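A structural walkthrough
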Amino acid sequence: PTRIFSGIQPSGGLTLGNYLGALKRFAAFQGTGPQTIYCVVDLHAITVWQDPARLTQQTREAAAAFLAAGVDPARSILFNQSQVPAHAELAWLFNTVARLGWMYRMTQFKDKSGKNSENVSLGLLAYPSLMAADILAYHADAVPVGDDQKQHLELTRDIAAKFNHDYGVDFFPEVQPLIEGPATRVMSLRDGAKKMSKSDPSDASRINLTDDADAISQKIRKARTDAEPLPGSMDGLKDRPEARNLVNIYAALADEGPDAVLARFEGQGFGAFKPALADLAAATLSPITARMSEYMADPAEIDRILGEGADRADALAQPILARTKEIMGLIRSR
Ligand code: TYM
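Residues numbered from 1 in each chain as written. Predicted model: local features only at pLDDT ≥ 70, side-chain atom pairs only at ≥ 80, totals over all residues. Heavy atoms only, no water.

The protein chain is annotated in an unreviewed UniProt entry as Tryptophan--tRNA ligase from Paracoccus suum. In UniProt, the protein chain has this text filed under Function (unreviewed entry): "Catalyzes the attachment of tryptophan to tRNA(Trp)." Quoted verbatim from the Subcellular location (unreviewed entry) field of UniProt, the annotation for the protein chain is "Cytoplasm". (UniProt positions renumbered as here; feature names shortened; annotations may be inferred.)

Encoded structure:
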């Protein structure tokens, strides 16, 4: 890839799922060749109601999480979406390219709108069009995300392809999803069939990036499991989703393969595995939590970093947006 883009919504506290599926991987792309662009997607967050003061706070907190996870503003562009108008503008142009049926088919839209789909915001339906704009405004060609974003990225590819086809150009690139590692889908600690999520009503279902060591260890000790000992490889965990989830979390935290983890714990029960996982999780997350609070102590500095990132992002997106309008026949005479 030549340019990497990814985003996180500031719609609540971040979880271990966000960290292992996305954040932790972001810093690793720095210095590997492609330019890295990371965004706090505040315009996506407001597709469902956000209290304004809390949104401001959560946007800074998400930015602090990027920084604490090693995203370096000298080597990456880090900004909040609403400061770069090209996102909303390109999203409008894409709204005329994308089909309504594509939007209704999104599982995330179906989940979030539930039975009451007449009463959700129009923005919630158009959400994937804005996401396509986020990525394509930079001609980014690779997007590291968790498994739950796969369908949205397929739609980004569909929008790019339809635009290129309708206007007879080869302008927008084919975007590659980067969904890799043992933690592309971290599950709830209470239910191995549900994704770990910031919106789950049960706080015990997730580990928050702001949890302290005690909270982490309590939640892991209480995590739902079974009474069987651990097998020697992941093949033996096919019908044990909760056990599989904890092993995958361990593997991702330790930067190991899940089979390597199981080779060490083979034959042992959760009485031994859970304390080891709790220690590892607390040891890995506590420096990040600490750095996050250091950044949060200086909101003006966070805002400065976001503003500087927005200037650099704007400079990259403007010519691509201008060319898009030109392709579409929109007059620009000033
Ligand atoms: P969001 O804010 O829900 O989540 C941010 C990132 O965290 C990943 N993630 C998970 N990974 C593993 N296990 C989990 N339980 C888990 N929960 C969340 C998500 O896959 C994501 O990578 N629509 C996006 C934000 C977005 C975006 C973009 C992403 C907007 N524009 C452009 C990439 C490119 C979202 O809601 O992520």
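The rest of the description comes next.
Time to look at the UniProt feature "binding site: L-tryptophan" (unreviewed entry) in the protein chain. Mapped onto the present numbering, the UniProt feature "binding site: L-tryptophan" (unreviewed entry) falls on Asp134. Structurally, Asp134 can be placed in helix H7 (residues 122–136). There is a polar contact of 2.8 Å between the side chain of Asp134 and the side chain of Gln81. (Helix = DSSP H or I, 4+ residues; strand = E, 2+ residues; numbered from the N terminus. Polar contact = N/O pair within 3.5 Å; in protein donor to acceptor, adjacent residues only side chain to side chain.)

Structurally, Pro34 can be placed in the loop between helix H1 (16–26) and strand E2 (35–40). Between the C-alpha atom of Pro34 and that of Met328, which follows or precedes it by 294 residues, the distance is 29 Å. Ignoring any residue separated from it by four or fewer positions in sequence, one finds Pro34 in contact with Pro1, Thr2, Arg3, Ile4 and Phe29. (Contact = heavy atoms within 4.5 Å.)

Attention shifts here to the domain arrangement of the protein chain. Split by domain assignment, the protein chain resolves into domain 1 (3–178 + 298–328) and domain 2 (203–294). Summarising the inter-unit geometry, the C-alpha centres of domain 1 and domain 2 are found 30 Å apart. Facing the 12 residues of domain 1 at the interface are 14 residues of domain 2. Contact with domain 2 buries surface across domain 1, with Leu16, Tyr19 and Ala68 losing the most and accounting together for 44% of the total. Here domain 1 and domain 2 share 1 salt bridge between them. Asp255 serves as the salt-bridge partner of Lys24, at 3.2 Å between the closest nitrogen and oxygen. Taken together, domain 1 and domain 2 are joined by 5 residue pairs in polar contact (both at pLDDT 80 or more). Looking at the side of domain 1 that touches domain 2, the elements with two or more residues in it are H1 and helix H3 (52–68). (Domains from an automatic or database assignment. Buried area = accessible area lost by both parts, 1.4 Å probe. Salt bridge = Lys/Arg side-chain N within 4 Å of Asp/Glu carboxyl O.)

Take the site of the ligand next. In the neighbourhood of the ligand, 27 residues make up the surrounding shell, with Tyr127, Asp134, Gly146, Asp148 and Val186 lying closest. At 3.2 Å, a backbone N or O of Gly17 approaches a nitrogen atom of the ligand. Contact with the protein chains hides 97% of the accessible area of the ligand, taken as 710 Å² for the molecule alone. Among the elements of the structure, strand E1 (3–8), H1 and H7 are those that each provide at least two residues to the shell around the ligand. In the shell around the ligand, the residues fall into 12 nonpolar, 10 polar and 5 charged. (Near = heavy atom within 4 Å. Areas by Shrake-Rupley, 256 points an atom, 1.4 Å probe, with all protein chains shown as cover. Nonpolar A, V, L, I, M, F, W, Y, C, P; charged D, E, K, R; others polar.)

This part is about the environment of Ile4. Position of Ile4 among the secondary structure elements: in strand E1. Judged by relative accessible area, which is 0%, Ile4 ranks as buried. Along the chain, Ile4 and Gly33 lie 29 residues apart, while their C-alpha atoms are 9.9 Å from each other. Beyond its immediate stretch of four places on either side in the chain, Ile4 contacts Phe29, Pro34, Gln35, Thr36, Ile37, Tyr38, Ala140, Ala142, Pro144 and Leu178. (Buried < 20%, exposed > 50% of the residue type's maximum accessible area, 1.4 Å probe, protein only.)

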